[in-house]
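Listed below are the residues making up each chain.
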Amino acid sequence: MTDTTPTLDANTTDQVTVFQLDDQPVRGRAVKLGPALEQALRPGGENRYPEAVARLLGEAMMTGALVAQSLKFKGRLVVQCHGTNDGAISLLMADCTTEGSIRGYARWDETKLKEIESESRNPTAKELLGAGTFSMTIDQGPDMDQYQGVAAIDGDRLSDCAEHYFNQSEQIPTKIRLACGQAVDADGAHWSGGGMMIQKIADDEARIDATMPWQTAQTLFGTLTDAELIDPDLSTHRLLFRLFHEDGVRIVETHDVNANCRCSRERLVDTFKSFDETAIQDMVQDGVITANCEFCATNYVFDPANIS
């Protein structure tokens with residue numbers, strides 16, 4: 001990367017940046033989210049989640065956004081964490097498409113959350129989830145089989161869980177760092193977040209031994225801070241230059257990210273049509289059928305007479 005202000009300080013918000021370390025067997029992706037994260041966590045401008053839950057859900061969506069851009073086909077990636085009764089969050093679900101759309105949903109127990117937060121000001125991912133499983137599901141479309149990898153929730157941060165997943169299920173040496181928080185400006189508080197992952201490219205006869213370059217990249221990556229990732233004014237390009245300029249870092253491509261829910265009245269009507277008449281009538285309350293999207297909180301109201 002050339003140290004020129006227009007390049008280093010280019011707007012990279014709501015983008016995934018794919019990068020490569022020059023002449024090194026290390027590749028990576030970085031994500032910086034602002035308005036897209038705000039919309040996904042606060043659809044319609046309303047707070048849906050307690051801060052601790054929203055932070056973890058934001059990190060799950062950033063994980064999905066990072067990994068989805070590595071897929072070589074049109075489809076979607078679903079990141080899920082299923083917690084246990086020892087934690088407050090029973091489910092985190094991030095649905096991310098290869099075209100850059102993200103959405104997320106979480107379930108939690110309010111009483112258990114307050115209990116955990118009374119014991120720890122900054123509860124870890126493991127405390128919030130208990131134990132359970134971390135999974136990634138690749139969906140290539142209705143005519144293709146889905147692929148799912150599962151690993152145990154292991155680590156204090158969601159990035160630790162993701163690293164454990166890659167190292168165990170995918171057997172790809174991987175380092176991941178995620179941070180999500182609220183930035184405050186003249187317009188008030190809004191969600192901001194960032195994440196980065198680097199991976200060791202598999203050794204082959206045409207490449208030099210990857211051991212030392214990978215160790216060096218990990219050491220530099222380890223200096224990355226949450227503040228740098230969350231800072232809405234720090235571009236991904238400048239952050240990459242800070243970390244890797246001595247060995248050289250090259251931007252390969254960028255992809256836009258947006259908060260976009262795929263729910264619609266038409267899809268719901270098609271779903272209703274799969275039920276028999278008795279089931280449809282059981283859904284009727286006060287003369288109408290109502291449905292709420294768990295992802296974007298949109299309420300839909302239907303006249304049963306129009307569902308046939």
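Notes on the structure follow.

Conventions we followed
- Residues numbered from 1 in each chain as written.
- Predicted model: local features only at pLDDT ≥ 70, side-chain atom pairs only at ≥ 80, totals over all residues.
- Heavy atoms only, no water.
- Helix = DSSP H or I, 4+ residues; strand = E, 2+ residues; numbered from the N terminus.
- Polar contact = N/O pair within 3.5 Å; in protein donor to acceptor, adjacent residues only side chain to side chain.
- Pairing = 2+ DSSP bridges.
- Contact = heavy atoms within 4.5 Å.
- Axes fitted to C-alpha atoms, helices over the stretch in contact; angles between N-to-C directions.
- Expected span 1.5 Å × (residues − 1).
- Buried < 20%, exposed > 50% of the residue type's maximum accessible area, 1.4 Å probe, protein only.
- Core = buried A, V, L, I, M, F, W, Y, C linked by side-chain atoms within 4.5 Å.
- Salt bridge = Lys/Arg side-chain N within 4 Å of Asp/Glu carboxyl O.

### Comments concerning the environment of Gly 287
1) Next: On the secondary structure map, Gly 287 appears in the loop between helix 11 (277-283) and strand 12 (289-292).
2) Next: Taking the C-alpha atoms as reference points, Gly 287 and Ala 305, separated by 18 residues in sequence, lie 9.8 Å from one another.

### Re the side chain of Asp 139
1) Next: One can find Asp 139 in strand 6 (residues 133-139).
2) Next: Polar contacts involving the side chain of Asp 139 include one to the side chain of Gln 146, which spans 3.5 Å.

### Focus: the sheet that holds strand 6
1) Next: Strands sit in the order 7-6-3-4-5-11 across an open sheet of six strands; the sheet is mixed. The open sheet is flanked by strand 7 (147-152) and strand 11 (258-259), the only strands paired with a single partner.
2) Next: Where strand 4 (residues 89-97) lies against strand 5 (residues 101-108), seven bridges are found, and the strand directions are antiparallel. Bridging across to strand 5, Met 93 finds its partner in Tyr 105.
3) Next: Helix 3 (residues 51-68) rests against strand 3 (76-82), strand 4, strand 5 and strand 6 of the sheet, and its axis sits at about 35° to strand 4.

### Focus: helix 6 (residues 158-170)
1) Next: Look at helix 6: 17 Å from first C-alpha to last across 13 residues, which is about the 18 Å you get at 1.5 Å a residue.
2) Next: Leu 158, Ser 159, Cys 161, Ala 162, Glu 163, Tyr 165 and Phe 166 are the residues of helix 6 that are buried.

### Quick notes on the pairing of strand 5
1) Next: Among the eight residues that make up strand 5, six are buried, leaving the element largely enclosed by the rest of the structure.
2) Next: Hairpin connection, strand 4 to strand 5: the antiparallel pair is bridged by three residues, and Gly 100 has positive phi, about 100°.
3) Next: Note that strand 5 and strand 11 share two bridges and pair parallel. Considered in strand 11, the bridge of Ser 101 is made with Asn 258.

### Quick look at the nonpolar core
1) Next: If you look at the biggest cluster of nonpolar residues, it comprises 60 residues, and the most contacted ones within it are Leu 41, Leu 56, Met 61, Leu 77, Leu 92, Phe 134 and Met 136.
2) Next: Leaving out residues up to four positions away in the same chain, Met 61 has contacts with Leu 37, Ala 40, Leu 41, Ala 94, Cys 96, Ile 102, Arg 103 and Gly 104.

### Quick word on the side chain of Arg 42
1) Next: Here Arg 42 lies in the loop between helix 2 (35-41) and helix 3.
2) Next: Since its relative accessible area comes to 10%, Arg 42 is described here as buried.
3) Next: A polar atom in the side chain of Arg 42 sits 2.8 Å from the side chain of Asn 47.

### Things to note about unusual backbone geometry
1) Next: In the Ramachandran plot, Asp 23 falls in the positive-phi region, its phi being about 55° despite a non-glycine side chain.
2) Next: One can find Asp 23 in the loop between strand 1 (15-21) and strand 2 (26-33).
3) Next: Classification of Asp 23 by relative accessible area gives exposed; the value is 77%.
4) Next: Non-glycine residue Ala 297 carries a positive phi angle of around 70°.
5) Next: The topology assignment puts Ala 297 in the loop between strand 12 and strand 13 (299-302).
6) Next: You can call Ala 297 partly exposed: its relative accessible area is 29%.

### Description of helix 3
1) Next: End to end, helix 3 covers 25 Å across 18 residues, agreeing with the expected 26 Å (1.5 Å per residue, within 8%).
2) Next: Counting buried positions over the 18 residues of helix 3 gives 16, a clear majority of the element.

### Some remarks on the pattern of salt bridges
1) Next: Applying the stated criterion across every chain yields a total of 13 salt bridges.
2) Next: Here Lys 74 and Glu 99 are joined by a salt bridge, their closest N and O atoms 3.5 Å apart. Of this pair, Lys 74 sits in the loop between helix 3 and strand 3 while Glu 99 is found in the loop between strand 4 and strand 5, placing the two residues 25 residues apart along the sequence.
3) Next: Classification of Lys 74 as exposed rests on a relative accessible area of 62%.
4) Next: Under the relative-accessibility criterion, Glu 99 is labelled exposed at 56%.
5) Next: Arg 262 is the salt-bridge partner of Asp 95, the closest N and O atoms lying 2.8 Å from each other. Of the two residues, Asp 95 sits in strand 4 while Arg 262 sits in the loop between strand 11 and helix 10 (265-272), which places them 167 residues apart along the sequence.
6) Next: Through salt bridges with shared partners, a single network forms among Arg 76, Asp 95, Arg 103, Asp 139 and Arg 262.

All quantities given are derived from atomic positions and should not be read as evidence of function.
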